[in-house]
Every structure is written in structure tokens, then in C-alpha cells.
Amino acid sequence: MSLLVIAVLLSLTGFAQAIRGTVKDSTGKGIPYASVNLKNSLVNRIVGYAVTDVGGAYKLQIPANTPLSGLVIEVTSIGYKTMSRPVADVHLAYDFTLDVSANQLQSVEIKSSRPVLRTHGDTLGYNVSDFANAQDMVIGDVLKKLPGITVATDGTIFYNNKQISNLYINGDNLLDDKYNIATTTIPHSVVAQVQVIQGDQPVKVLRNKVMSDDVALNLTIKKGAKMQIIGQESVAAGSPGNYDVDLNAMLFKDNYKAINYLKGNNTGYDLQQELVAHNLTNYEQLIDNSMPAALLSLGTVNTPGLSRNRYLFNQSGLLNLNNLVKLPNDIQLRVNAWYFHDNQRQDFSQQSSIYLPGDTIRYNETQHNRFQPDNLHTQFTLNINKDKYYLNDALVLDDNRSASHSSLNTGVAVVNQVFHDNQLSFSNEFNRIISLKSNDIIQTYSYISHSAEPENRAVGPNYQPAIFNAGNEYAQLIQTVNVPTWYTTNYVSLKIPSGLITQSYKTGFSVQSQELTSNLNVAQVDTKLTPESDSSMNHLNWTRTKIYGEADYDLPGKILQANLSLPVSLQQIDYSDRLYTLDKQLKRLYFNPQFRVKYQIGAENYLSLSYLYRNETGTIEDLYQGYILKDYRTIFANTAALIEKRNQHAAAGFSYRKSLLLLFASLNISYDHLAANKIASEIITNNLQQQVVLPYSNATGSWTVSSTVSKYVFPLKTTFSAGLQWQSSRSVQLQNGQLLPFNTITETGSLGADTKIGEHLVFAYKATLIQTASHSAVDASANHLDQLQQQASLEYNPLTNVQFKLSGEHYFTRQQGNPDLKYFFADASVRFKPNKWKTRFELSAVNFLNVKDYRAFYLSANTFTASSYALPGRIVLLKAMFNL
């Protein structure tokens, strides 16, 4: 196995020879950040380069096929005399002891701890060394401390309350929007700057031609780190039977970049979080196609409001390969591939109360679940990005398989569930943009995809026989469903730039073809399969054809930027199901205007406005007329025609920045209104929930106001942050024949501080308060839920090779009529590095107070849920860490 790991990590980086050694001063103390040059004295040329680490150690790569004759190692460092030695044997250690230079003032030490932001046009640069602490490992640890930047729990990065569109590495797009791979793997010590690029436009042909309000980050790699393979390896084992392995190899040369790693653990760290595509929703809206969601599940389980590693029982492994090669003529080839496997366990119980006028429906359930996902993903990308020419072709293949098992106790019945969900898909996206001699721009675009996801869930034995088998005992209730989908969209566009405005005209077509098949069968005691009823099958065919045209007008100015989009589409949807003599057609002409404007009111501050009107139709999943048992107690069917929706979104924002003061602030307000001609009607009983779609015009509306502020206070060496959000949502539900309007108000406030106390202490604190109130106008009922989460950590670094950390999380929940919930989790760790060792060690205790149960309350409209979860408890690990 170890040979396989080494082969994978070095498959694309080769087995180059390396020289190792140390650089120290006359007292024997290591000299950090000294320059180590490998020179060919015969031609007086540098052929290799390295920088010493914090302990003075270095590793110098020798380029392949380089003869040893004439090679000399030269070491330089500010304040010390230059020293060199010839290379006789690459297997020897070359250690250097530097003498202080004659003009060095040894009695005077000048330090500047004042962080400075560097601005150049629309780019803002943070020096990583200004904000990194001794115990920070990866660049993601530092990003959380930068003023103006926040990182959500799923790794999503925001700059001044705006989500970033991408994260580049030395200007190259290695990962698309799956940037958690970089933030959780790249050592912060190899990153010189984190740059914020406002108005990012990655396509060179379109720069200064069309409006872009995207914000992206760029990691600039230190010069010395570009010359060598980077690896930050760790292996850990502990109690009770836990392990954590992270083996990685990275390279960030100008013409080749790679992040390759193998990770595995059973400590609750979810490796799937590193594979999140942060802009997937926006991308699916852009291509006007979203993958059909899974229709079946084991049941409704609320996610605990805890850090995921607090409650996840896992045995996960991830092999992740990301490689980008630059060829002549600005050609880039990129491969992104991963394989993920896990064995997850989940034990929980919950009590749900649905409050109806004059009645309350309650459900009790206890589940012991097991999940086994196996996900394989590959993407091949060809990219050419020139000033006058752009080409991008991406082929994506996905094979995601999962097997789930559940032991279910509802208080009335004890049954087992087995669920298999296998998704196979591919897509190819082609995008070509050419700038003509006339300066006009022609774009051709083509996208095609196919997906299939056969689902099979068996429930039994003898679950609700009075409902599903005329009161007779049976073995299993088997629900199957599949929605294979073909989709393609293709267009050509012409952009006509002028001195002030760029005109764009686009025309194209799209076709979506789907087939929804499902069966609900009863496996009798004698193993014979019989349909549950005449209404438990579907064979629904769907074709959506669209011809569209669009006119865009862009004002890409420096002070005022604006975009007006005027798309028109003629859409026809045909759907039929021979089982229910269903054969219908819907033809509509849609106009979906969009307007965006950004006005620079100062060198660093701007106002933004946007408005969107969008006509939407339902999907094939809104049309099936045969019943589908979506989970063990929820049955869905539809009796109405296709849902039509009209969505309006309006937003305004103000972004404020003072770089010299390290002050950032934002204020945003938005309104969403969705009108539909159909409504979901629910029939709720003590045994099941049934839902059908009925013709009834209804609307939902939502106001959101949010504000953030972040400030670095220089005298205190502290970054303070705060945020406020108020949201009011109005919706309508039809339950048990009664129309129930609801108004839900959610108020969120957060406060945080990250400070350095002297030379040895680092303290961080964050508190988040969420208050939720849901009110129904029918019976004047109201529910309130208050939640407070606090996080704090203290780092003590008395020596360069000894570091301590203590951290804790406190959760408080209050809901009227229920006892308050209070939970406190505490973690501790110590890191140490023996003298003259290259290996560091960490002894950690996670949840050392051994909290093994967690209860939580959830409030949504008129549904209140109290859940209880089993937790892994205390985990003690001893970890060994070393660098390649």
C-alpha cells in the first residue's frame, strides 16, 4: 500500500535528486529564510533554488540529467557573510555555519508588526506573514483571520460580504470553484500574498468589454517554493481506535501546478467538504439545467447545529489528483480526478409536532443508519486564453454510488430500510471566443449532458399493512424510480465593443428530454411481487424545447458600470404518461429582463443595484400522477397541470473600504417575490403525509437586510468583526384542507475578535445569536426559538518548538415550553519538535469532556422538531508531522 501511495503522489513530479542540509549561525541556532542557490560554476548560472525553513533546514532539488561537475551550493542571508561549498556527493548533508557580516549591528533589532494592505488598481494584497500565527498550518487557517474576509462553515469564502467566484494559484485556475482543496492543503508558509481581485474577468478577450462584478482570490506563491515539491505529511493514531492520515505532494511551478493527496480518517472530519462546488447553483442557472435531485430517502433528518466533526461517525478515504500543465501558445491542459469512499454511522431520535388549527399531529421515530458512498469524478479541461482568442473545453464524468441501511422504530412499528442510489452522468462544455480585426467578438457555445440515477428502497417487514397490503402481512415494500435525462444548449453571439458601450446579441436553442419511471411493489411473504395499487406506477415522458435570443448592453466604465440583459425565449413542453391517458403541451413566450449597475463613489467605495425578473416552469418531478413513497411516511403525487412561476429579485448594496486603516464594511438589502399558479396540498395523519399539487394561485415574499464590519486595531493587534441580518418571509401552506399563511422572522447577530497578546499568546472568540419567530394569522399561534453559539480558543507558544492550544464551543437553545439546552465542548493539544529532529508531534484531545449525546430544537413554519443525536465522544490522537 505504501508503494502505491508513493507512486500516486509522485506520478507527475518524478524522482529528482535532492540535497539536504542546514544553515545555522555561530551559536548553532538555525537561520530561517536563508537563500540557498545551486550554481553551475562552469557557466555561472543558477540551476536550483531553495529557502530554509524556520529551523534552518533546506532541501535543494537537482534538475534531472544535471552533471555534478562544477556544481556549487551558495548560501546568502541578510546580515551574514555569503558562504559556498562545491558538491561532491548528493547523498551527503551540506551544513553551513554563517558568520555575521562586519556591518551588522548586532545590538539593534528592528521589527515592524504593523500589517499593511497593498493596493494596485482593483487588486488588494494581504501579506500572509502579517496575520499568520505559529500554530496555523494551511492557508485556510490564515484566511479566517484576514480583515474583510469571512469563511463559512462549508468553506465558502466571502470578501466584504460578497461570495468569491474563484480562487487562483499564481493566476492559474487549477480547481474551478472547488477551492476547499487548496485552502485545506496548501501550507500557509509557501504563500506570500492573498490577493483580492475585484471585477475579476478571467477571459482576456472580454476584459474591459463587458461588466464583471465578480470577486476572486489569488494566492501568490513564494519564489523559493516554486522550485521544489511541497509536502506537509501527517500520520496519527489514538484512542478509541482512531486514525488520521494525510499524505500530499504539491508543485507550483510557472508551467506546472499540482495538488495531489491521499487522506483518510475516522475522527469525524468529513473529506467530502473538500469537494464542494461553491458556485454550482449559479452555474446550473447559467446553462438553464439542473441535475434531477434524488427522489427517495431514508427519512427526514435535521442536521445538528454543531461543527460536523462533533457528530460524524465515519471511516473515510479520499484520493484527489489535480494537475495543470502549461504548453506553448498559452495552451493549458488540466486533469481533476478524485475517488471518495466512506462508511458513516448515524444514531438519532426525534419528535416532530405539526400545529394545525384545532389539532396537533405528532411523529416519534428512532433510527440507526449506515451510509456507504463511493464517488468517482474525473474532469479533463483544455484551455487557451489569449488577448484575441479564448477556447475552453471541459469533459466531466461522474459515477456516484451509495448503499444505505436503516433500522427504524416509530413507536408503532419496527422495520428495516435498504436504499441504493446510483448516479452516472457525463457532460461536455465547449466555449470559443474570437476577437476579429474589426474588434468585434464572436462566441460559439455548446453544452451536452446525460444523467441517470436509478433508486431502489426497500422497507419491511410488514410496514403499515393496513395501508399498503389490505391488512395482510408481507415481506417488503419496494419503491424504485429513475429519471434519465439528456440535455443540450447551443448558441452563437456577437459582441460589438465601442468607445462607451458593448452591444451583444445572442441566439440559440436548447432541448431537454427526460423519462420518469417508478414502481411501488409489495414483496409478499412467498417473495411474489405485486403492485401496491393501480396508482403506484409512473411512465412519464417529457421534452422541453426552447429557442432563445438575447440582447445585452454593457457599460464597462471605471466609475459607472452597468449591464442590461433582455432575453426572449419561445418554450414548448410536451409531457405524457400512457398509464393515466396524460398527453399535454405547454407553449409560452417568456421575457426575462435583468439589470445591474455598480457606481464607484470613491477610490475604494461603491454602490450596487440589481433587478431580475424570471419566468420559470416546473419540472418533470412536479407532474407524475402515480404515487411515489419518497420516504417511509411521505407519499407524493400530482393531479394538476404544470406549475408556472414568476420570480422577481431586487437588491441594493453599499461596500465601504479604507485600506490604510484595515477597515471594511457593507450594507445590503434585497427583496424576493415568487408567484405560482399551483400549490402543494398536504394531508397529514398520524401515520402518513400525502401531498398532491392543486391549481391555486399563491405567492411568497422575503425581505433580507444584512450588514457586516471588520476592522484591524493596530495597537491591540486585533481583528474585530461583526454582522447583523434580519429576514422576514411570508408563505402559504395548504394542510388538511386549510389554507395557512405564515410569517417567519429570523434575526442573526455575530461578533468576533482575533488577537495577539504579546509574543506568545493568541486569543480568538466568536459569538452568534439567532432568534426565529414563526406566526400564523389563522389561529394567532406563534413559536419562538433562540440559539446562541460561542467559540473561543487560546494558543500559548512559549518556545519555537513547543506550542499549546485550548479551545471550546458552547451551545445554548431556548424554546418556550421546553427546558433550555446547554452544551459545552472542549479540545486541547500540544505540539512539540525534539531538537535536531525533522519530525513534529502533536498530542490532541478532542471533546475531552466526553459529551456523547446532543439534543436540538428546529422550527419551520408550523412544524417544531426536537431531535437527539449520539456523538463520538472523546478522541485522543498522537500525530507525527513532517515535510517532504
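The structure presented is a predicted model; accordingly, all values stated were derived computationally and were not measured.

Cut-offs used in this document
- Residues numbered from 1 in each chain as written.
- Predicted model: local features only at pLDDT ≥ 70, side-chain atom pairs only at ≥ 80, totals over all residues.
- Heavy atoms only, no water.
- Helix = DSSP H or I, 4+ residues; strand = E, 2+ residues; numbered from the N terminus.
- Contact = heavy atoms within 4.5 Å.
- pLDDT = per-residue confidence, 0-100.
- Buried < 20%, exposed > 50% of the residue type's maximum accessible area, 1.4 Å probe, protein only.
- Pairing = 2+ DSSP bridges.
- Salt bridge = Lys/Arg side-chain N within 4 Å of Asp/Glu carboxyl O.
- Axes fitted to C-alpha atoms, helices over the stretch in contact; angles between N-to-C directions.
- Patch = residues over 30% accessible without salt bridge, like charges linked within 9 Å, V, L, I, M, F, W, Y side chains within 5 Å.
- Areas by Shrake-Rupley, 256 points an atom, 1.4 Å probe, with all protein chains shown as cover.

Moving on to the environment of V459. Structurally, V459 can be placed in strand β26 (residues 455-460). Taking the C-alpha atoms as reference, V459 lies 9.4 Å from D631; in sequence the two are 172 residues apart. In this structure, V459 is in contact with V415, N416, Q417, Y474, A475, Q476 and L477, ignoring residues within four places of it in sequence.

A few words now on the confidence of the model for the protein. The predicted model of the protein has a mean per-residue pLDDT of 90, with 96% of residues at 70 or higher. Long-range and interchain partners of residues 1-15, a stretch whose pLDDT sits below 50, account for 18 contacts in this model, where long-range means more than four residues apart. Here residues 103-112 is modelled with pLDDT under 50, and outside its nearest four sequence neighbours on either side it reaches 2 contacts, counting other chains as well.

Moving on: the pairing of strand β4 (residues 57-62). Burial of β4 is extensive: 6 of the 6 residues sit out of reach of the surface. Of the two faces of β4, the one carrying A57, K59 and Q61 and the one carrying Y58, L60 and I62 are both buried. Here 6 bridges tie strand β1 (residues 17-24) to β4, and the two strands are oriented antiparallel to one another. Residue T22 lies in a different strand from β4, and its bridge partner there is A57.

So, on to the pattern of salt bridges. Within this structure, the stated rule accounts for 25 salt bridges. Notably, a salt bridge pairs R345 with D347, separated by 2.8 Å at the nearest N-O pair. The buried category is assigned to D347, whose relative accessible area is 15%. With its nearest N and O atoms 3.0 Å apart, the salt bridge here joins E604 to R657.

All right, on to the sheet that holds strand β3 (residues 45-51) then. Here we have 4 strands laid out as an open sheet, ordered β3-β2-β5-β6, and antiparallel in their pairing. At either end of the open sheet lies a strand with only one pairing partner, and these are β3 and β6 (83-86). On average, each strand axis in the sheet is inclined to that of its neighbour by 20 degrees, with strand direction left out of account. Where strand β2 (residues 35-40) lies against β3, 6 bridges are found, and the strand directions are antiparallel.

With that out of the way, let us pick up unusual backbone geometry. Note that the residue after S239, namely P240, is joined by a cis bond; omega there is 0 degrees. Tracing the backbone shows P240 in the loop between β16 (232-239) and β17 (242-252). Note the cis peptide between G460 and P461, where omega equals 0 degrees. Residue placement: P461 occurs in the loop between β26 and α7 (465-468). Although it is not a glycine, N850 sits at a positive phi angle of roughly 60 degrees. Residue N850 is classed as partly exposed on the basis of its relative accessible area of 30%.

Read from one edge of the open sheet, 3 strands run β4-β1-β7, paired in mixed fashion. The open sheet has two free edges, formed respectively by β4 and β7 (96-97), since each of these has just one partner strand.

Glancing now at a nonpolar patch on the surface. The grouping of F509, I547, V568, L570, L589 and F591 at the surface amounts to a nonpolar patch, some 570 Å² of accessible area in total. Counting residues per element, the ones that place at least two in the nonpolar patch are β32 (560-577) and β33 (582-591). By secondary structure assignment, the location of I547 is in strand β31 (residues 537-556). By relative accessible area, which is 52% here, I547 ends up exposed.

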